[in-house]
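Working through the structure, step by step
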Amino acid sequence: MSTYSRKSSPDLEMTTAYSTETSRKTIPTLEPSAATQLPESTSCLTCSDDGRYLGLGHSQGLAVWDASSLICAAEWLEDRLEITFIQMTRMAETGYLLATVDDMGVARVFAYHCEGIHLLSVINIMENINKRSICLTFDLSAGGDYGAASIRCNGVLCLEIYHFPTEAWLKELDLALSQKQDSNSSGDVGVKWSPVSLLIKIKPPKIPAGTALDGPLEVLQMTDFLTHCLALDEDISSTHQQEEQCLDTDAGKTKETNNSPRCCTHHFLLPCGQFPSDSKSKSQPGLPVVVCVWWSGSHNLLQYLLQRAPKKKTDVEPMPDMLWPHAKEILCSAVSRCTRYIALGLDDGVVCVWDRQSGSPLSVVLVSAADSAFSRMQFVDFSPVSANDFQTFTTAKVCLFVVCKSGAIHTVTTGRGTQSCTKQVAERPKHSRALPTVITSVPFLQSLSLVVQRNGNMLLQDVINQTTVCFLIPPTTHLIATPCNPVYALNTKQQTLFIKAGDLDPSCTVSSEEESQSQLFMFSFGESDIFKQYISLPDTPRQLQTLSGATLEETCDVSLQQRALSVDERNKARAETWKQLQETAVMVQQRAERYKRAAVN
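Here, residues in each chain are numbered from 1, in the same order as that chain's written sequence. Where totals are concerned, whole chains, interfaces and linings use all residues; where local detail is concerned, this predicted model gives features only for residues with pLDDT of at least 70, and gives and counts side-chain atom pairs only at 80 or more. Neither water nor hydrogens contribute to the side-chain values; these are computed over all heavy atoms in the structure.

The helix and strand tally for the protein chain stands at seven helices and 37 strands. Only protein chains enter the accessibility calculation, which uses a 1.4 Å probe. A residue is then buried if its area is under 20% of the maximum for its type, exposed if over 50%, and partly exposed in between. Here the protein chain, with 601 residues, has 48% of them falling under the buried criterion. We call two residues in contact whenever any of their non-hydrogen atoms come within 4.5 Å of each other. For the protein chain, the proportion of contacts with a sequence separation of at least 24, taken over those separated by at least 6, is 56%. The accessible surface values rely on the Shrake-Rupley method and a 1.4 Å probe; as for residues, cover is taken only from the protein chains in view. Only carbon and sulfur atoms are counted for the fraction: they give 51% of the accessible area of the protein chain, which is about 29500 Å². Strands here are runs of E lasting at least two residues and helices are runs of H or I lasting at least four, both read from the DSSP assignment and numbered beginning at the N terminus.

What follows is the structure in structure tokens.
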């Protein structure tokens, strides 16, 4: 491991598309505090939630490194197996789960335990070559009790939710360790791991048999509101696909849009509001109880309970337990760290922030009608810590940034009883190389976001005050590897950034073979004076409990206080809701008339 410690470094005078400063000024820079050589063709990187270990995926398997010393603690190797995605979470003091996806779309679950890596389960085993299933995304809940995988098979995509037997696995890992010590064997000989359980299989909405959508506004009077919304969702999606197919045909393209499966986005949610804690989640505070899902082209946010038992063994495709409808298509989403707030970006330039505690929108904000469509969003930690947790809870604001496809960035600040505020942090870049490829909130630095641009520039942006705080500068011998898709991980406990640099700067002469290979650079934010005013204090247990919702009595008290503080905001939301309902009614009426004309012809 190499250590970088320069006594002084020249300030970098730069202007950036992500700063609204009107004059050129000197901006501080931060250089790596350490570096080490990476395995060949390292393609993905993750950090455990307790900050102790790094997980690396490469062209021959995966490895676990100590995050402090950057020394390899264990590795799992297999020829011609390239890991393209990796995630790591702690399930016990000495046990960690790793979720991986390889270049063939196979998802696996590993365990790192007592300096060894064990393959516990293969999620999508190919039993029939004619029904090959491909994993597109794989996600673990914090603590590793649940997993979610987007699986595509024969052109059909579904989201599968799994329950992992973490307690049984820990016992089996201890057993495997004792057997290994007794037999002096290097493998998991004779160990049979407990199987993974499929809880829910979620498919795109389908119109139930016998559901009629023709006729005037009588459809809005259906008693089964849930069924109607799901049917309308599929109807809208089918209409969009037909319109796209017509446009492609007119343009001379041969794209088959109907063969493109709908994609889905999901979030695991902690107990809150209509889904309170049960006896198991009370004993394990970080245990999720709900998964929320939305599909591309959809207007609805669907929520499914995780801890219910299916009526039959084959009954794993349930109806959603809750549905939140919207007048426009959902383009992107984000969930706050405590999972109480869910933000949705809609295709009419509107951001809707839901409060799970009350089960109603916290705010509906028009961001901008002039910019291009939203591409992604994320919550920003910026609220100061108050000695009175309850007062903080009732008056706290939430802030998030929204990125448009054009590269423009907006911030939205809102809360109960407060005036919503939107700001444009960055305009559309003049040059395509200045477009952001990564914009992510830094959890341990209040109001700061990490930005990586196509040209390889890395900077920390204050999205609240609209200023560039610092540039991150690698050594002169290296450039950031694949800036269009950088390999990086944030360590929230050690307050560091790990990022791969492997492209040799052609302007420099390399003196050794080691310097020409891929390197892992570590930037330490906690040790720099630049970030002292931004360092976040860890949440107290009382704050986390208050944010996610506690007893029924506390919830009622908070709700009454919020209603008193939010009269003006609720009046505006009510007017906006009526406007959206009228637009939806007109849209349904027009669609019904089109169906009638098509039936006549």
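The next thing to look at is the packing of aromatic side chains. Two aromatic rings, drawn from Phe, Tyr or Trp (for Trp, its six-membered ring), form a pair once their centres lie within 6.5 Å of each other, and the interplanar angle then sorts them: stacked below 30 degrees, edge-to-face above 60, tilted otherwise. Going through the model one piece at a time under the given rule, you end up with eight aromatic pairs. Considering the side-chain rings of Tyr96 and Tyr112, the 6.3 Å spacing of their centres and the 45° angle between planes classify their relative orientation as tilted. With Tyr96 in strand E11 (residues 95-102) and Tyr112 in strand E12 (residues 107-113), this pair connects stretches of sequence that are 16 residues apart. Under the relative-accessibility criterion, Tyr96 is labelled buried at 1%. Overall, the relative accessible area of 4% leaves Tyr112 in the buried class. Following the ring pairs from residue to residue traces out a cluster consisting of Tyr53, Tyr96 and Tyr112.

Position of Ser150 relative to the elements: it lies in strand E15 (residues 146-153). Overall, the relative accessible area of 4% leaves Ser150 in the buried class. There is a polar contact of 2.8 Å between the side chain of Ser150 and the side chain of Thr137. Setting aside residues no more than four positions away along its own chain, Ser150 makes contact with Ile134, Cys135, Leu136, Thr137, Cys158, Leu159 and Cys264. Here a polar contact is recorded for every N or O atom pair within 3.5 Å, except that within protein the pair must consist of a potential hydrogen donor and a potential acceptor, and residues adjacent in sequence are included only if both atoms are side-chain atoms.

By definition, two strands form a pair when at least two bridges between them are found by DSSP. Read across the sheet, five strands follow the order E4-E33-E32-E31-E30 without closing on themselves; strand pairing throughout is mixed. Looking at which strands have only one partner, the edges of the open sheet turn out to be strand E4 (29-30) and strand E30 (436-441). Relative to strand E32 (residues 458-462), strand E31 (residues 448-453) runs antiparallel, the two being bridged by five bridges. Across the sheet, residue Leu448 finds its bridge partner in E32, namely Asp462.

What follows deals with the pattern of salt bridges. Salt bridge criterion: a side-chain nitrogen from Lys or Arg within 4 Å of a carboxyl oxygen from Asp or Glu. Within the structure shown, the criterion is met by six salt bridges. Between Arg52 and Glu93 there is a salt bridge, and its shortest N-O distance comes to 4.0 Å. You can see Arg52 sitting in the loop between strand E6 (44-47) and strand E7 (53-58) and its partner Glu93 sitting in the loop between strand E10 (83-90) and E11, a full 41 residues away along the chain. Looking at Arg52, the relative accessible area reads 37%, which means it is partly exposed. Look at Glu93 and you get exposed, because its relative accessible area is 54%. Of the charged contacts in the structure, one is a salt bridge between Glu93 and Arg90, with a shortest N-O distance of 3.5 Å. Using a relative accessible area of 33% as the deciding quantity, one classes Arg90 as partly exposed. Overlapping salt bridges bring together Asp50, Arg52, Arg90 and Glu93 as one network.

Here we come to the pairing of E6. The side chains of a regular strand alternate, residue by residue, between the two faces of the sheet. Alternating positions in E6 separate into two faces, Cys44 and Thr46 on one and Leu45 and Cys47 on the other, with burial throughout. Of the pairings in the sheet, the one linking E6 to E7 comprises four bridges and is antiparallel in character. Within E7, the position partnered with Leu45 by the bridge is Leu56. Here E6 folds back onto E7 in antiparallel fashion, the turn holding five residues, of which Gly51 has a positive phi close to 80°.

Judged by how many residues are buried, strand E20 (residues 300-305) sits mostly within the fold: five of six residues are covered. Strand direction decides the pairing type here: strand E19 (residues 290-295) and E20, joined by four bridges, are antiparallel. Of the residues in E20, the one forming a bridge with Val293 is Leu302. Counting the residues that bridge the hairpin from E19 to E20 gives four residues, and of these Gly297 lies at a positive phi of roughly 85°. Inspection of the sheet shows E20 paired to strand E21 (residues 322-325) by four bridges, in the antiparallel sense.

Moving on, we get to the environment of Ser524. Considering the arrangement of structural elements, one finds Ser524 in strand E37 (residues 519-524). Between the C-alpha atom of Ser524 and that of Leu497, which follows or precedes it by 27 residues, the distance is 6.7 Å. Discounting chain neighbours no more than four positions away, the residues touching Ser524 are Leu30, Ser33, Gln495 and Thr496. Polar contacts involving the side chain of Ser524 include one to the side chain of Ser33, which spans 2.8 Å.

It is worth spelling out the sheet that holds strand E27 (residues 398-404) at this point. Read from one edge to the other, the open sheet built from four strands follows the order E26-E27-E28-E29, with strand pairing classed as antiparallel. Among the strands making up the open sheet, the edge pair consists of strand E26 (374-380) and strand E29 (421-426). Between one strand and the next, the sheet's axes are offset by a mean angle of 25°, whatever the strand orientation. Where E27 and strand E28 (residues 409-414) come together, six bridges link them in antiparallel fashion. Each bridged residue has a counterpart across the sheet, and for Val403 the counterpart in E28 is Ile409. Helix axes are fitted only over the stretch in contact, all axes being lines through C-alpha atoms; the angle between N-to-C directions runs from 0 to 180 degrees.

A word on unusual backbone geometry. Negative phi characterises most residues that are not glycine, and trans characterises most peptide bonds. Look at Ser447: it is not a glycine, yet its phi comes out positive at around 70°. With respect to the helices and strands, the residue Ser447 is situated in the loop between E30 and E31.

Nonpolar cores were defined as sets of buried Ala, Val, Leu, Ile, Met, Phe, Trp, Tyr and Cys residues, with membership established by side-chain atoms within 4.5 Å. Grouped together as the largest cluster of nonpolar side chains are 24 residues, with contacts concentrated most on Leu445, Leu472, Phe523, Phe525 and Phe531. For this core, the secondary structure elements donating two or more residues are E31, E32, strand E33 (467-472), strand E36 (496-504) and E37. If near-sequence neighbours (up to four positions away) are discounted, Leu445 is found in contact with Asp381, Leu460, Phe525, Phe531, Tyr534, Ile535 and Ser536. In terms of nonpolar packing, the next biggest core, distinct from the first, is built from 23 residues, Ala99, Leu140, Leu170 and Trp193 among them.

The next point concerns the environment of Ile473. Within the secondary structure, Ile473 is located in the loop between E33 and strand E34 (478-480). By relative accessible area, which is 27% here, Ile473 ends up partly exposed. Sequence separation between Ile473 and Leu459 is 14 residues; the distance between their C-alpha atoms is 8.8 Å.

Time to look at the side chain of Thr46. Residue position: Thr46 is located in strand E6. Those residues in contact with Thr46 that sit more than four places away from it in its chain are Tyr53, Leu54, Gly55, Ile86, Gln87, Met88 and Ala489.

This part covers the confidence of the model for the protein chain. Low-pLDDT stretches of the model should not have their predicted coordinates read in fine detail. Summary statistics for the protein chain give a mean pLDDT of 80 and a share of 74% for residues scoring 70 or more. Residue-level confidence of the predictor, termed pLDDT, takes values from 0 up to 100. Counting interchain partners and residues more than four positions distant, the pLDDT-below-50 stretch residues 512-516 has six contacts. Contacts for the low-pLDDT stretch residues 540-544, under 50 throughout, to residues beyond four places or in other chains number nine contacts.

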